[in-house]
Number of protein chains: 2
Amino acid sequence: MTKKIAILGATGSIGKSTLDLVERNRDSYQVTAVTAATNVEALADVARRSGAKLAVVADESRYADLAELLVGTSCRAAAGENALLEAAAGDAGLIIAAIVGCAGLRPVMAAVDAGKTVALANKEALVTAGALMTDAAALSGATILPVDSEHNAIFQCLAGSRAADVSRIILTASGGPFRTASAETIAAATPAQAVAHPNWSMGAKISVDSATLMNKGLELIEAHYLFNLPSERIDILVHPQSVVHSMVEFVDGSVLAQLGSADMRIPIAYALAWPERMETPAQRLDLATIAHLDFEAPDLERFSALRLAREALERGGAAPIVLNAANEGAVASFLAGAIRLPDIARLVQEALSNSDYDAPRSIGDVLEIDRVTRDRTKAMMAASCP
Amino acid sequence: MTKKIAILGATGSIGKSTLDLVERNRDSYQVTAVTAATNVEALADVARRSGAKLAVVADESRYADLAELLVGTSCRAAAGENALLEAAAGDAGLIIAAIVGCAGLRPVMAAVDAGKTVALANKEALVTAGALMTDAAALSGATILPVDSEHNAIFQCLAGSRAADVSRIILTASGGPFRTASAETIAAATPAQAVAHPNWSMGAKISVDSATLMNKGLELIEAHYLFNLPSERIDILVHPQSVVHSMVEFVDGSVLAQLGSADMRIPIAYALAWPERMETPAQRLDLATIAHLDFEAPDLERFSALRLAREALERGGAAPIVLNAANEGAVASFLAGAIRLPDIARLVQEALSNSDYDAPRSIGDVLEIDRVTRDRTKAMMAASCP
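Everything numeric in this text was worked out from a predicted model, so none of it was measured.

### What about the pattern of salt bridges?
Residue and element names in this part refer to chain A. With the rule as written, the count across this model stands at 61 salt bridges over all chains. Across the pair arginine 49 and glutamate 23 runs a salt bridge whose closest N-O atoms are separated by 2.8 Å. Residue arginine 49 is found in helix H2 (residues 40–50), and its partner glutamate 23 is found in helix H1 (residues 13–24); the two are separated by 26 residues along the sequence. On the accessibility criterion, glutamate 23 (29% relative accessible area) is partly exposed. The shortest N-O distance in the salt bridge between glutamate 41 and arginine 62 comes to 3.7 Å. Within this pair, whereas glutamate 41 is found in helix H2, its partner arginine 62 is found in the loop between strand E3 (54–57) and helix H3 (63–69), the two being separated by 21 residues in sequence. Through salt bridges with shared partners, a single network forms among Lys123, Asp148, Glu150, Lys216, Glu219 and Glu222.

Below is the structure:
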């Protein structure tokens, strides 16, 4: 049986890996729609190679260019948010949701509302709109399959289990480049040092989040919504080798863990083939060569972002939106050389302390709280770091 | 819903742990039958505590004593092999098969033939009669749930997977007390050194098997029959901490592992509650405190028993019976101080080389090959170690 899939964010890293897998399994997958933010050249290339029937560029000003690039193909060009929503809620049953940032919220919600199976690689969807998304999925019958390696690991470990049998989830964290660094070293860290992630090749923003461990804090919030477990039943464990991608402890004391090489094609393949599996060219895990796996408790003093994220999760409502938006603004400032690494957590804490929004009732509310928080964070930074 | 269970081998370690779990969950389990080899005092005690309706002592000469001990209870006393088979094929739906050694073969087969769910703790059933048992289970619809921690781990990791999605199984091995010892040290090892297992508290025979790694070789054979995978898709990985109990690699490159503290109540609980789970008092795994997990390839030179077991598996037919019987005889001689540790593998190799039995067609055939091999091994030892 051929699965029809739409790839939202087809020109990014997740989109490319998805296409790589699909191209190796042409009999099983048919790409119906592909989207991108602005890069029409890459999008048109993907559309041609995949045989998609619809290609959408979010940036409406690039419509004419896209249309021209697709002349002579059977792929229709489209642009703008409504076209993105059309791609998300169209005839594909499986939606790869890999749009980066809050720009992904409405398309993900459109796919969820349409009852699709959503392979979710957009972090903001559950961090900022977790309750809205999971409520909508319960209503429409949509299935959310996490693509992030940690949550995908947990999803794999939970396969076939009853919720009542789960005791806790253990999210593993690499600990980032400053795992063994002193508070002083961390305070003096340059952007170049912060983006040097030990195990995964990632973008600058997410690399800084990995250095502060805010990344793991955001994943904690995602895990809460994905797996419907309270904060106190989601632990974080530092594991520098990132071989164990996460674990689940059951009521009998048994722990299941998912392990693998650092290749995003593994979790993407799991989401593509679920509830079955598909072959991938990912390197096989060779534990005899890896030889050692280490584990330690996270240090909530040096990595206070973790503590802040847990506080935001426990406070609920709009707090995770504020956490995420303030962090994004602060990370951008850090990367621009305007603030020091520990200032990120400080600014996030201030943003949380100074906010008291009602819980969002729509994606519109989420986007508004996100926008206001970004503006306020900029203002705070302008005030504190002249 | 109350599950009716029969415990074959109720007075041994597995039997006691099973009773401990059942006593903590009286609403969910009803013990209908218990059996023991000879210890009627312990058996009568277990029968009274569990409220079993049938207590069977294998040794017929102990019948009168058992009957007298059960006077005034509603538990019927019985003795001998037919009574054991009655307990195995009676009204319990779940049979805990924990009789040690080849004495367990007929009772396990009776439970399998009766289509029961068999929680299998008897190693010989699959090592010596694997094809017979799995063929009989396919015919009767019986389900075999492995209780051994390694196979139980694999069973947990496989939950809900299609056979086609499995790439290989990775059995972990502690490496035993001589993991880092030189061949010379191993050759000079005393029985006391050999039975000092680093992680699990076990009987003397199985501790020696753990020291030679024959234990893992026997588990390799069991895994072949339990999970229907060829020898080349079952790997062995040394993991001294015995925290990871075993793993499964899937075709996408993903590896699932089951971890836990060294408490047999965890796999027993899984077998009791399957396909659900039950709470146990087993200590929770604390990886931050454990801190390090190590892995290395097994050394087939110092631990040639592993190589012999794989050869026996690949040869098939009666070879695993010969391997097991010759090993048991040789281990007894080693424990009695008559031979050195490396002589065990040498004697097993000789027994394999000198045997050419047809594949067994019945448990009777298995028991006959087992008996003849034991006699021949004794004769070989008498000849070589006067």
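### Topic: the interface of chain B and chain A
Contacts between the two partners involve 40 residues from chain B and, on the opposite side, 40 residues from chain A. Overall, the association of chain B and chain A removes approximately 3,400 Å² of surface from exposure, summing both partners, and the carbon and sulfur fraction of that is 52%. When the area that chain B buries against chain A is broken down by residue, the three leading residues are Asp252(B), Arg277(B) and Phe295(B), summing to 20%. Our count for the contact surface shared by chain B and chain A stands at 24 residue pairs in polar contact (both at pLDDT 80 or more). Mapped by element, the contributors of at least two residues to the side of chain B that touches chain A are helix H7 (149–158), strand E10 (244–250), strand E11 (255–259), helix H12 (265–273), helix H13 (287–290) and strand E12 (292–294) of chain B. Counting residues per element, the side of chain B that touches chain A draws most heavily on E11(B), at 5 residues. Here the side of chain B that touches chain A is composed, by residue class, of 22 nonpolar, 7 polar and 11 charged. In terms of strand pairing, strand E12 (residues 292–294) of chain A meets E12(B) through 3 bridges, oriented antiparallel. Each bridged residue has a counterpart across the sheet, and for Asp294(A) the counterpart in E12(B) is His292(B).

### Details of the relation of the copies chain B and chain A
Each copy superposes on the other: chain B lies on chain A with an RMSD of 0.0 Å after a rotation of 180° and an axial shift of 0.0 Å. Such a combination of turn and shift is consistent with a two-fold rotation axis. When the interface residues of chain B are mapped onto chain A, 100% of them again lie at the interface, so the same face is used by both copies.

### Side note on the side chain of Glu219(B)
The residue Glu219(B) is located in helix H11 (residues 214–227) in this model. A distance of 2.8 Å separates a polar atom in the side chain of Glu219(B) from a polar atom in the side chain of Lys216(B).

### Quick look at unusual backbone geometry
Cis geometry marks the peptide bond from Trp274(A) to Pro275(A), where omega comes out at 5°. Locating Pro275(A) in the fold gives a position in the loop between helix H12 (265–273) and helix H13 (287–290). With a phi close to 70°, Leu213(B) is a non-glycine residue in the positive phi region. Mapped onto the secondary structure, Leu213(B) falls in the loop between helix H10 (204–212) and H11. Even without a glycine there, the phi angle at Ala291(B) is positive, about 75°. Residue Ala291(B) is classed as buried on the basis of its relative accessible area, which comes to 16%.

### A few points about the sheet that holds strand E6 (residues 117–120) of chain A
All names here are of chain A. Strand order in the open sheet formed by 7 strands is E4-E3-E2-E1-E5-E6-E7, with parallel pairing between adjacent strands. Of all strands in the sheet, those with a lone pairing partner are strand E4 (76–79) and strand E7 (143–146), marking the two edges. Pairwise comparison of adjacent strand axes, ignoring direction, gives a mean angle of 20° for this sheet. By the bridge criterion, 4 bridges tie strand E2 (residues 29–36) to E3 in an arrangement that is parallel. Bridge pairing links alanine 33 to leucine 54 in E3. Of the strands in this sheet, strand E1 (3–8), strand E5 (94–97) and E6 are in contact with helix H5 (residues 105–113), which crosses E6 at around 150°.

### Focus: the environment of Ala98(A)
All names here are of chain A. Residue position: alanine 98 is located in the loop between E5 and H5. Judged by its relative accessible area of 12%, alanine 98 is buried. C-alpha of alanine 98 to C-alpha of threonine 11: the two residues are 87 residues apart in sequence and 9.3 Å apart in space. With residues near it in sequence (within four places) discarded, alanine 98 still touches Leu8, Gly9, Ile14 and Ala121.

### A short note on the sheet that holds strand E6 (residues 117–120) of chain B
Residues and elements named next belong to chain B. Across the sheet, 7 strands lie side by side as E4-E3-E2-E1-E5-E6-E7; this open sheet has parallel pairing. Looking at which strands have only one partner, the edges of the open sheet turn out to be strand E4 (76–79) and strand E7 (143–146). Strand after strand, the sheet turns through a mean of 20° between neighbouring axes, direction not considered. Sheet analysis places strand E1 (residues 3–8) next to strand E2 (residues 29–36), joined by 6 bridges and oriented parallel. Across the sheet, residue leucine 8 finds its bridge partner in E2, namely threonine 35. Docked against the sheet, helix H4 (residues 81–88) engages E1, E2, strand E3 (54–57), E4 and strand E5 (94–97), running at close to 140° with respect to E3.

### Some details on the packing of H4(B) against helix H5 (residues 105–113) of chain B
Residues and elements named next belong to chain B. Contact geometry for H4 and H5: axes closest at 8 Å, N-to-C directions at 35°. Of the two possible hands of crossing, H4 and H5 adopt the one that is right-handed. Here Glu81, Leu84, Leu85 and Ala88 of H4 lie close against H5, whose contacting residues are Arg106, Pro107, Ala110 and Ala111.

### Comments concerning the environment of Ala305(A)
Residues and elements named next belong to chain A. Inspection of the secondary structure puts alanine 305 in helix H14 (residues 304–315). Overall, alanine 305 belongs to the buried group, its relative accessible area being 4%. Every residue in contact with alanine 305, bar those within four places of it in the chain, is listed here: Thr212, Leu213, Met214 and Ala345.

### Details of the pairing of strand E10 (residues 244–250) of chain A
Residue and element names in this part refer to chain A. Most of E10 sits out of view: 7 of its 7 residues are buried. Alignment of strand E8 (residues 166–173) against E10, held across 5 bridges, turns out to be antiparallel. Paired with leucine 171 across the bridge in E10 is serine 246. Of the pairings in the sheet, the one linking E10 to strand E11 (residues 255–259) comprises 5 bridges and is antiparallel in character. When the sheet's bridge partners are listed, serine 246 is paired in E11 with glutamine 258.

### Notes on the packing of H11(B) against helix H14 (residues 304–315) of chain B
All names here are of chain B. Look at H11 against H14: their axes get within 7 Å of each other, and the N-to-C directions meet at 25°. The angle between H11 and H14 places the two elements in the roughly parallel class. For the pair H11 and H14, the sense of crossing is right-handed. Between H11, through Met214, Lys216, Gly217, Leu218, Leu220, Ile221 and His224, and H14, the contact on the second element is made entirely by Ala305, Leu306, Ala309, Arg310 and Leu313. The residue makeup of the contact of H11 with H14, split by class, is 8 nonpolar, 2 polar and 2 charged.

### Some points on the packing of aromatic side chains
A full pass over the atoms with the stated rule returns 4 aromatic pairs over all chains. Ring centres of Phe155(A) and Tyr270(A) lie 6.3 Å apart, and the angle between their planes is 75°; on these two criteria the pair is classed as edge-to-face. One end of the pair, Phe155(A), is in helix H7 (residues 149–158); the other, Tyr270(A), is in helix H12, and 115 residues separate them in sequence. Accessibility classification places Phe155(A) together with Tyr270(A) in one group, the buried group. Among the aromatic side chains, those forming a connected cluster through ring pairs are Phe155(A), Tyr270(A) and Trp274(A). Between the NZ or CZ atom of Arg277(A) and the centre of the ring of Phe250(B), over which it lies, the distance is 3.8 Å.

Conventions and cut-offs
Residues numbered from 1 in each chain as written. Chains lettered and ligands numbered in written order. Predicted model: local features only at pLDDT ≥ 70, side-chain atom pairs only at ≥ 80, totals over all residues. Heavy atoms only, no water. Salt bridge = Lys/Arg side-chain N within 4 Å of Asp/Glu carboxyl O. Helix = DSSP H or I, 4+ residues; strand = E, 2+ residues; numbered from the N terminus. Buried < 20%, exposed > 50% of the residue type's maximum accessible area, 1.4 Å probe, protein only. Contact = heavy atoms within 4.5 Å. Buried area = accessible area lost by both parts, 1.4 Å probe. Polar contact = N/O pair within 3.5 Å; in protein donor to acceptor, adjacent residues only side chain to side chain. Nonpolar A, V, L, I, M, F, W, Y, C, P; charged D, E, K, R; others polar. Pairing = 2+ DSSP bridges. Least-squares fit on C-alpha atoms with pLDDT ≥ 70 in both. Axes fitted to C-alpha atoms, helices over the stretch in contact; angles between N-to-C directions. Left-handed = near helix turned anticlockwise from the far one by under 90°. Parallel < 35°, antiparallel > 145°, perpendicular 65-115°, else oblique. Phe/Tyr/Trp six-rings, centres within 6.5 Å; stacked < 30°, edge-to-face > 60°. Lys NZ or Arg CZ within 6 Å of the ring centre and 35° of its normal.

Nothing here speaks to function; it is all geometry.
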